[in-house]
Amino acid sequence: VGVTGAENGCKKAEKPGDERDLIDDIAAMSLNERVVVIVFDSDAATKPQVKKAAYTLQRALQKKFPTVKVKWLPLPPKRDGGKMGLDHFLADPDHGPEKLKFMMDTAGPVPVPNDGDLRNYDEIEVTSDKPARKRAGRAGEKPAESSCET
């Protein structure tokens, strides 16, 4: 299943601090007794908000499907150090479907930052897979944040 953005596998929380539920398309699948591998772009390994999104997705999957096994597969960056998405990985002659299959088979658990201490983890505001940026308004307006609350 492909979703656009690290946060889009789950619905928004009813109120801040609430658990998030899976989007309907994922919740309708039969995933008990299956392995789900979360694969985000290569920059996911260095972005705390994306790690939180992966952990949130894992928690929502395990809440809905108690016997699902969830793995995390961070992709490597491109040779030039740029961001690698799954589409680039599959098309790259040095990688491709066979290497992806091997990496999925050997993928590990979703990381929990700070050795399991979720207090700091919950302070990370996840709004999308991009950090909040200031948007320029019309002349004389104050810039607005370009993120929405979870």
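These figures come from a predicted structure and were not determined experimentally. Each residue is numbered by its place in its chain's sequence as written, counting from 1. It should be noted that, the model being predicted, local features are given only for residues of pLDDT at least 70 and side-chain atom pairs only at 80 or more, the latter also being counted only at that level, while totals for whole chains, interfaces and linings use all residues. Each side-chain value is worked out from all heavy atoms of the structure, with water and hydrogens disregarded.

A.B. asks: How do you make sense of the overall build of the protein when you look at a structure like this?
C.D. replies: The helix and strand inventory of the protein stands at five helices and four strands. The buried label goes to any residue with under 20% of its type's maximum accessible area, the exposed label to any with over 50%, and the partly exposed label to all in between, with areas taken from a 1.4 Å probe on protein chains only. Split into buried and exposed, the 150 residues of the protein put 33% on the buried side. For the protein, restricting intrachain contacts to residue pairs at least 6 apart in sequence, the fraction spanning at least 24 positions comes to 62%. About 9,800 Å² of surface is accessible on the protein, with carbon and sulfur atoms providing 50% of the total. Elements are defined by DSSP. Helices are runs of H or I of four residues or more, strands are runs of E of two residues or more, and each kind is numbered from the N terminus. In this analysis, two residues are considered to be in contact whenever any of their non-hydrogen atoms come within 4.5 Å of each other. For the accessible areas, the method is Shrake-Rupley and the probe is 1.4 Å, while residue cover comes only from the protein chains on display.

A.B. asks: Any chance you could explain the pattern of salt bridges here in plain terms?
C.D. replies: Side-chain pairs of opposite charge can arise where the charged atoms are in close proximity. Salt bridge, as used here, is a side-chain nitrogen of Lys or Arg placed within 4 Å of a carboxyl oxygen of Asp or Glu. Across all of its chains, the model carries nine salt bridges by this definition. A salt bridge links aspartate 24 to lysine 11, with the nearest nitrogen and oxygen atoms 2.9 Å apart. One end of the pair, aspartate 24, is in helix 1 (residues 24–27); the other, lysine 11, is in the segment before helix 1, and 13 residues separate them in sequence. Judged by relative accessible area, aspartate 24 falls into the exposed class, the value being 52%. Judged by relative accessible area, which is 37%, lysine 11 ranks as partly exposed.

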